[in-house]
Amino acid sequence: EATMGYEALIVERAGSIATIVLNRPGARNALDLTMRREMLGVLDEIEADPTARVVILTGAGGHFCSGGDVKTMQKPHTAAEGRGRVELLNKMVLRLVNFPLPTIAMVDGYAVGAGSNLALCCDLIIASDRAKFGELFCKIGLAVDGGGTWLLPRLTGLARAKELAFTGDVIDAAEAARLGLVNRVVPAAELETTVRALAAKIAAGPPLALRLDKQMLNRAASTDLASALEAEAFSQGLAIASEDHQEGVSAFFDKRPPKFTGR
């Protein structure tokens, strides 16, 4: 079922899977200020719901997101105004990257500029064969934002990230897969089915363990081995003491699928 009350987003719930739809199809789902603010509210709403297990992020009308709204860029802005716009974007980036539940970007059509980087904020990206990615900023005299300078090189390597930033080239889904930007590419007709199946598989996993995994994997890039091992010992302590661990072990011996509750 869909919850309304948002101007630029639609939130749909199917069991434990929440889908956030960027809903400005007339503007190829450009990230206006309303959408940035509403995204924060929607993520709060989903996090407060104990039955939610996985979040899918996608766009309405055959495109994921075309980035910043160029229509709003026709009048000159001061540096302070520009910074203010990006600070709101930054809140959304941090919230999404650190969101406790696993997130999947379902990308069809354009994911460009800040829209490309919005997809990169998700844990996994599944792209249709007609998806297109690109750091278009330099084409209109802008620097990369939306977390791209941090997220992109971690996936593609530094030189590739610089090439994408310096050229503003749009790459197709196959090239995005080759660069390690996306998890997989599927025919457009199978995109939804593939993503929902993957979301269901992840939703059936142990919520606490997956939450700990995400936190540790996100932090690993900026930490050393000893600190990562310390985090693993601490996290595993919590997981070992959980009911879900007992359930997992019982299910293993009973040769049945486990039913994890998050306890």
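Quick summary incoming for the structure in this document. (Residues numbered from 1 in each chain as written. Predicted model: local features only at pLDDT ≥ 70, side-chain atom pairs only at ≥ 80, totals over all residues. Heavy atoms only, no water.)

Attention shifts here to the side chain of Glu 247. By secondary structure assignment, the location of Glu 247 is in helix H10 (residues 243–254). Separated by 2.7 Å, the side chains of Glu 247 and Arg 256 make a polar contact. Those residues in contact with Glu 247, other than ones at most four positions away along the chain, are Arg 256, Pro 258, Lys 259 and Phe 260. (Helix = DSSP H or I, 4+ residues; strand = E, 2+ residues; numbered from the N terminus. Polar contact = N/O pair within 3.5 Å; in protein donor to acceptor, adjacent residues only side chain to side chain. Contact = heavy atoms within 4.5 Å.)

So, about the nonpolar core. Formed by 49 residues in total, the largest nonpolar core has its most connected members in Ile 20, Ile 46, Leu 57, Phe 64, Val 107 and Phe 133. Formed by 13 residues, the second largest nonpolar core is a distinct cluster that contains Ile 17, Val 54, Ile 56 and Ile 104. (Core = buried A, V, L, I, M, F, W, Y, C linked by side-chain atoms within 4.5 Å. Buried < 20%, exposed > 50% of the residue type's maximum accessible area, 1.4 Å probe, protein only.)

Judged by pairing direction, the sheet is mixed, and its 3 strands sit side by side in the order E6-E8-E9 without closing on themselves. The open sheet terminates on both sides in strands that have one partner only, identified here as strand E6 (110–112) and strand E9 (170–172). Taken pair by pair, the neighbouring strands of this sheet meet at an average axis angle of 20 degrees, ignoring direction. The sheet contact formed by strand E8 (residues 132–134) and E9 spans 3 bridges and is antiparallel. Bridge pairing in E9 links Lys 132 to Asp 172. (Pairing = 2+ DSSP bridges. Axes fitted to C-alpha atoms, helices over the stretch in contact; angles between N-to-C directions.)

Quick look at the packing of helix H8 (residues 207–220) against helix H9 (residues 225–240) now. Viewed as axis vectors pointing N to C, H8 and H9 meet at an angle of 170 degrees, and their least axial separation amounts to 10 Å. On the basis of the axis angle, H8 is roughly antiparallel to H9. Every residue of H9 that contacts H8 at Leu 208, Leu 212 and Met 216 is listed here: Ala 231, Glu 232, Ser 235, Leu 238 and Ala 239. Residue composition of the contact of H8 with H9, grouped by class: 6 nonpolar, 1 polar and 1 charged. (Parallel < 35°, antiparallel > 145°, perpendicular 65-115°, else oblique. Nonpolar A, V, L, I, M, F, W, Y, C, P; charged D, E, K, R; others polar.)

Let us look at the pattern of salt bridges. Tallying each qualifying case throughout the model produces 15 salt bridges. A salt bridge links Glu 175 to Arg 178, with the shortest nitrogen-to-oxygen separation between them at 3.0 Å. Of the two residues, Glu 175 and Arg 178 are both situated in helix H6 (residues 173–178); the distance of 3 residues between them amounts to about one turn of the helix. For Glu 175, a relative accessible area of 26% corresponds to the partly exposed category. (Salt bridge = Lys/Arg side-chain N within 4 Å of Asp/Glu carboxyl O.)

The two faces of a sheet get side chains in turn, since along a regular strand they alternate between them. Of all 6 residues in strand E4 (residues 54–59), 6 are buried; the element is thus mostly enclosed. Alternating positions in E4 separate into two faces, Val 54, Ile 56 and Thr 58 on one and Val 55, Leu 57 and Gly 59 on the other, with burial throughout. Two elements, strand E3 (residues 17–22) and E4, share 6 bridges in a ladder whose sense is parallel. Residue pairing for E4: Thr 19 is matched across the bridge by Ile 56. What joins E3 to E4 is helix H1 (residues 33–47), and the crossover it makes is right-handed. Of the strand pairs in this sheet, E4 and strand E5 (residues 103–107) are connected by 3 bridges, and their pairing is parallel. Looking at E5, one finds that Leu 57 is bridged to Ala 105. In this view, the connection linking E4 to its parallel neighbour E5 by way of helix H2 (residues 79–97) has right-handed handedness. (Right-handed = clockwise from strand over helix to strand, strands pointing away.)

The first and last C-alpha atoms of H10 sit 16 Å apart over 12 residues, in line with the 16 Å expected at 1.5 Å per residue. Along H10, the residues that are buried comprise Asp 244, Glu 247 and Ala 251. Down the axis of H10, the buried side of the element spans an arc of 55 degrees, and every buried residue falls inside it. Opposite the buried face of H10, at more than 90 degrees from it, the exposed residues are Gln 246, Phe 252 and Phe 253. Each element contacted by the buried residues of H10 is listed here: H8. (Expected span 1.5 Å × (residues − 1). Arc of directions from axis to C-beta.)

Keep in mind these numbers describe shape, not what the thing actually does.
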